[in-house]
Amino acid sequence: NAGVMQNPRHLVRRRGQEARLRCSPMKGHSHVYWYRQLPEEGLKFMVYLQKENIIDESGMPKERFSAEFPKEGPSILRIQQVVRGDSAAYFCASSPGSGRASTDTQYFGPGTRLTVL
Amino acid sequence: RKEVEQDPGPFNVPEGATVAFNCTYSNSASQSFFWYRQDCRKEPKLLMSVYSSGNEDGRFTAQLNRASQYISLLIRDSKLSDSATYLCVVRGYNFNKFYFGSGTKLNVKP
């Protein structure tokens, strides 16, 4: 059973370009979470999605950032017109969404390290 | 007030020492509790879940005190390889929302 997969692992963009980060959850997991981590800082929640639905986007910047989790395919975090301050590690996590406290936890992908030149 | 609070450390301890980390959470309706470990520039990895009765996994012991809204992690006989940042995680009253502490850094020295 493959774990959470993210690609690309490293992404370099120039200011003003778009960045697309992909996340494939673990098999059987229907909930996806995106987090951002700046150097030497903690994880910051961005968005929580289920298939075709955004459940909580309270951590997403109001502009330039969007996320989706379509019925088929990976979840996508999209950053338009990137700026230097967007440089960070972006982690995706998935959980089964079983509703059972004993089994519902998050498993993380290896992250995408975005560098904006 | 943050949902989950941790002492950032760093905790600098010699090999073989016992070290304890604490974490408090703000919402009494929180559902589940976890400790994660994060190595530098890597993803967080689940260390252990924390149950009301307390639980132990080898050198690691986790405790939960719901009355005080407090979680602890005890590491016995520290190894160099235990050096990492330890994240306290709480699954909230919104059943599938997870709240992360900012982490406690542990440095185990030879």
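Structure: see above.
None of these values were measured; they are calculated from a predicted model.

Okay, the interface of chain B and chain A next. Contact residues are listed per partner, giving 17 residues for chain B and 23 residues for chain A. Roughly 1,700 Å² is buried in total at the junction of chain B and chain A, and carbon and sulfur atoms are behind 54% of that figure. Where chain B meets chain A, there are zero salt bridges. In this assembly, chain B and chain A are joined by four residue pairs in polar contact (both at pLDDT 80 or more). Listing elements by their share of the side of chain B that touches chain A, those giving two or more residues are strand 4 (32-38), strand 9 (84-91) and strand 10 (98-100) of chain B. Split into classes, the residues belonging to the side of chain B that touches chain A amount to eight nonpolar, four polar and five charged.

Next up on the list: the environment of Leu-47 of chain B. All names here are of chain B. Among the secondary structure elements, Leu-47 is positioned in strand 5 (residues 45-50). Note on Leu-47: relative accessible area 23%, which makes it partly exposed. Spatially, the C-alpha atoms of Leu-47 and Asp-57 are 9.2 Å apart, while their sequence positions differ by ten residues. Apart from the residues lying within four places of it in its own chain, the contact partners of Leu-47 are Trp-35, Tyr-36, Arg-37, Phe-60, Leu-73 and Tyr-86.

So, on to unusual backbone geometry. The residue after Asn-7 of chain A, namely Pro-8 of chain A, is reached through a cis peptide bond having omega -5°. Locating Pro-8 of chain A in the fold gives a position in the loop between strand 1 (5-7) and strand 2 (10-13). The omega angle of the peptide bond from Gly-9 of chain B to Pro-10 of chain B is 5°, so this bond is cis rather than trans. Within the secondary structure layout, Pro-10 of chain B lies in the loop between strand 1 (4-6) and strand 2 (11-14). Of note in this structure, Gln-81 of chain A is not a glycine but carries a positive phi near 45°. With respect to the element layout, Gln-81 of chain A can be found in the loop between strand 8 (75-79) and strand 9 (88-95).

Our focus in this paragraph is the pattern of salt bridges. What the rule picks out here adds up to seven salt bridges over all chains. Residue Arg-20 of chain A pairs with Glu-18 of chain A through a salt bridge whose shortest N-O separation is 2.8 Å. Arg-20 of chain A gets classed as partly exposed once you look at its relative accessible area, which sits at 36%. The shortest N-O distance in the salt bridge between Asp-82 of chain B and Arg-59 of chain B comes to 2.8 Å. Here Asp-82 of chain B, found in the loop between strand 8 (70-75) and strand 9, pairs with Arg-59 of chain B, found in the loop between strand 6 (55-57) and strand 7 (60-65); they are 23 residues apart in sequence, far enough to count as distant. Connected through shared salt-bridge partners, Glu-18, Arg-20 and Arg-78 of chain A make up one network.

Let us now look at the nonpolar core. Membership of the largest hydrophobic core comes to 24 residues, with the highest contact counts inside it found for Phe-21, Trp-35, Ile-71, Leu-73, Ile-75, Tyr-86 and Leu-106 of chain B. Listed by contribution, the elements that provide at least two residues to this core are strand 3 (19-25), strand 4, strand 5, strand 7, strand 8, strand 9 and strand 11 (104-109) of chain B. Formed by 23 residues, the second largest nonpolar core is a distinct cluster that contains Val-4, Trp-34, Leu-49 and Met-60 of chain A.

To continue, consider the sheet that holds strand 7 (residues 65-68) of chain A. All names here are of chain A. Spatial strand order, 1-3-8-7: four strands in an open sheet with antiparallel pairing. Edge positions in the sheet fall to strand 1 and strand 7, since each of these pairs with one other strand and no more. Within this sheet the neighbouring strands show an average axis-to-axis angle of 15°, counted without direction. Two strands pair when backbone bridges link them, and strand 7 and strand 8 are joined in this way by four bridges, in the antiparallel orientation. Bridging from a neighbouring strand, Phe-65 pairs with Ile-79 of strand 8.

Here we take up the packing of aromatic side chains. A full pass over the atoms with the stated rule returns twelve aromatic pairs over all chains. With a centroid separation of 4.6 Å and 5° between ring planes, the pair formed by Tyr-33 of chain A and Tyr-48 of chain A is classed as stacked. In this pair, Tyr-33 of chain A is assigned in strand 4 (residues 31-37) and Tyr-48 of chain A in strand 5 (residues 43-50), connecting sequence segments 15 residues apart. No difference in accessibility class separates Tyr-33 of chain A from Tyr-48 of chain A, as the two residues are buried. With a centroid separation of 5.3 Å and 35° between ring planes, the pair formed by Phe-21 of chain B and Tyr-86 of chain B is classed as tilted. With a gap of 65 residues between them, Phe-21 of chain B in strand 3 and Tyr-86 of chain B in strand 9 connect regions that are remote in the sequence. Accessibility classification places Phe-21 of chain B together with Tyr-86 of chain B in one group, the buried group.

The rules we used
- Residues numbered from 1 in each chain as written.
- Chains lettered and ligands numbered in written order.
- Predicted model: local features only at pLDDT ≥ 70, side-chain atom pairs only at ≥ 80, totals over all residues.
- Heavy atoms only, no water.
- Contact = heavy atoms within 4.5 Å.
- Buried area = accessible area lost by both parts, 1.4 Å probe.
- Salt bridge = Lys/Arg side-chain N within 4 Å of Asp/Glu carboxyl O.
- Polar contact = N/O pair within 3.5 Å; in protein donor to acceptor, adjacent residues only side chain to side chain.
- Helix = DSSP H or I, 4+ residues; strand = E, 2+ residues; numbered from the N terminus.
- Nonpolar A, V, L, I, M, F, W, Y, C, P; charged D, E, K, R; others polar.
- Buried < 20%, exposed > 50% of the residue type's maximum accessible area, 1.4 Å probe, protein only.
- Core = buried A, V, L, I, M, F, W, Y, C linked by side-chain atoms within 4.5 Å.
- Pairing = 2+ DSSP bridges.
- Axes fitted to C-alpha atoms, helices over the stretch in contact; angles between N-to-C directions.
- Phe/Tyr/Trp six-rings, centres within 6.5 Å; stacked < 30°, edge-to-face > 60°.

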